[in-house]
Amino acid sequence: MNTSNPFSQKKKVFNIKAEKLYRDACELFYSKNYDASLELLEQTTILDKNHAKAFILTGDIKLLNEGNEKEALEAYDKALMANPCSTQALGSKAYVLDILGRFEEAFENCEKAKVKYVPIFTKNFKNVGIEFETVNILTPDLTHEQAIQTLENANFLVLVGVLLSKNDYAKN
């Protein structure tokens, strides 16, 4: 197996029990029962040590509910070990690194996510007959004027959700 290209790795066997536990953990998460959700997520990762989404949700709970950046970062790293192509894990890790003031590492993770996400994103549109000559992504390194200019020149705009903490909600 070619380990230098994560896209060339064989698909894993689907673990039905682990997936059921994960889905139940998601339901508990959305009903704000975080402790019970974490218990099911732990069981999920015991059954499936490479369940990246379970590690991501664990990180989200550790960060947003408990305010534990260190454990959130560890969970996102485990998700990336399980799935190095996970743009969700890269973005979440970048968010935590930004909170911790580790801006250069945060930017590197954003760049990795962009490199992995843009080709997949544009391919999905191409599959339905929409092609792009160029793709521009607004990133924090752009000045306000550069961002406005990019938006004004765009023929097509897609807004992608971002993860917000409780503090972000309080500011608005």
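Look a little higher up for the structure.
The residue numbering used here restarts from 1 in each chain and proceeds along that chain's sequence as written. The model is predicted, so local features are restricted to residues of pLDDT at least 70 and side-chain atom pairs to those at 80 or more, both for listing and for counting; the totals for chains, interfaces and linings are taken over all residues. Side-chain numbers here rest on the full set of heavy atoms in the structure, without hydrogens or water.

A.B. asks: Honestly, the packing of aromatic side chains in this entry has me stumped. Any pointers?
C.D. replies: A ring pair, where both rings are aromatic, is described by two values, the distance of the centres and the angle of the planes. Side-chain rings of Phe, Tyr and Trp (the six-membered ring for Trp) are treated as a pair once their centres are within 6.5 Å; stacked means planes under 30 degrees apart, edge-to-face means over 60, and tilted covers the remaining angles. Throughout the structure, instances matching the rule amount to two aromatic pairs. A centroid spacing of 5.2 Å and a plane angle of 75 degrees characterise the contact between Phe 29 and Tyr 30, whose relative ring orientation is edge-to-face. Among the aromatic side chains, those forming a connected cluster through ring pairs are Phe 29, Tyr 30 and Tyr 34.

A.B. asks: It is not clear to me how the side chain of Thr 44 should be interpreted in this structure. Could you clarify?
C.D. replies: Secondary structure counts use DSSP, requiring at least four H or I residues in a row for a helix and at least two E residues in a row for a strand, with both numbered from the N terminus. The topology assignment puts Thr 44 in helix 2 (residues 34-47). We call a residue buried when its accessible area falls under 20% of the maximum for its residue type, exposed when it is over 50%, and partly exposed in between, using a 1.4 Å probe and counting protein chains only. A relative accessible area of 0% places Thr 44 in the buried class. By the criterion applied in these results, polar contacts are pairs of N or O atoms within 3.5 Å in which, for protein atoms, one can donate a hydrogen and the other can accept it, and in which residues neighboring in sequence qualify only through two side-chain atoms. Separated by 3.4 Å, the side chain of Thr 44 and the backbone nitrogen of Tyr 22 make a polar contact. Excluding residues that lie within four positions of it along the chain, Thr 44 makes contacts with Ala 18, Leu 21, Tyr 22, His 51 and Ala 54. Contacts: residue pairs with any heavy atoms within 4.5 Å of one another.

A.B. asks: Sorry, what's going on with the packing of helix 4 (residues 69-82) against helix 5 (residues 87-99) here?
C.D. replies: Two quantities define a packed helix pair, namely the angle between the helix axes and the distance between the axes. For the pair helix 4 and helix 5, interaxial distance at closest approach is 9 Å and the crossing angle is 155 degrees. Comparing the axis directions of helix 4 and helix 5 gives the class roughly antiparallel. Crossing hand, helix 4 versus helix 5: left-handed. Side by side, helix 4 and helix 5 meet where Glu 69, Ala 72, Leu 73, Tyr 76, Asp 77, Ala 79 and Leu 80 of the first sit next to Ala 89, Leu 90, Ser 92, Lys 93, Val 96, Leu 97 and Ile 99 of the second. Residue polarity follows a fixed list, in which Ala, Val, Leu, Ile, Met, Phe, Trp, Tyr, Cys and Pro are nonpolar, Asp, Glu, Lys and Arg are charged, and the others, Gly among them, are polar. Counted by class, the contact of helix 4 with helix 5 contains 10 nonpolar, one polar and three charged residues. Note on geometry: axes are lines fitted to C-alpha atoms, helical ones only across the stretch in contact, with angles between N-to-C directions running from 0 to 180 degrees. Roughly parallel covers angles under 35 degrees, roughly antiparallel covers those over 145, roughly perpendicular covers 65 to 115, and oblique covers all other angles. In this scheme, a crossing is called left-handed if the near helix is turned counterclockwise away from the far one by less than a right angle; it is called right-handed if the turn is clockwise.

A.B. asks: Sorry if this is basic, but what is going on with the packing of helix 3 (residues 52-64) against helix 5 here?
C.D. replies: Two elements in contact, helix 3 and helix 5, have axes separated by 10 Å at closest approach and are oriented at 25 degrees. Taken together, the axis directions place helix 3 and helix 5 in an arrangement best described as roughly parallel. Crossing handedness for the pair helix 3 and helix 5: left-handed. Between helix 3, through Ile 56, Asp 60 and Leu 63, and helix 5, the contact on the second element is made entirely by Gln 88, Ala 89, Ser 92, Tyr 95, Val 96 and Ile 99. For the contact of helix 3 with helix 5, a count of residues per class yields six nonpolar, two polar and one charged.

A.B. asks: Is there a simple way to think about the environment of Leu 40 in this case?
C.D. replies: Within the element layout of this structure, Leu 40 appears in helix 2. The class for Leu 40 is buried, based on a relative accessible area of 16%. Along the primary structure Leu 40 and Leu 28 are separated by 12 residues, whereas in three dimensions their C-alpha atoms are 9.1 Å apart. Apart from residues no more than four positions distant in its own chain, Leu 40 is found in contact with Leu 21, Asp 24, Ala 25 and Leu 28.

A.B. asks: Can you walk me through the pattern of salt bridges in this structure?
C.D. replies: Note that side chains of opposite charge can pair when their charged atoms are close. The term salt bridge refers to a pairing of a side-chain nitrogen on Lys or Arg with a carboxyl oxygen on Asp or Glu at a separation within 4 Å. Applying the stated rule across the entire model yields seven salt bridges. We note a salt bridge from Arg 23 to Glu 19, for which the minimum N-O separation is 3.4 Å. With Arg 23 and Glu 19 both in helix 1 (residues 16-30), this residue pair falls four residues apart, about one helical turn. For Glu 19, a relative accessible area of 15% translates into the label buried. A network of salt bridges, in which partner residues are shared, links Lys 62, Glu 66 and Glu 71.

None of this, on its own, says anything about what the molecule does.
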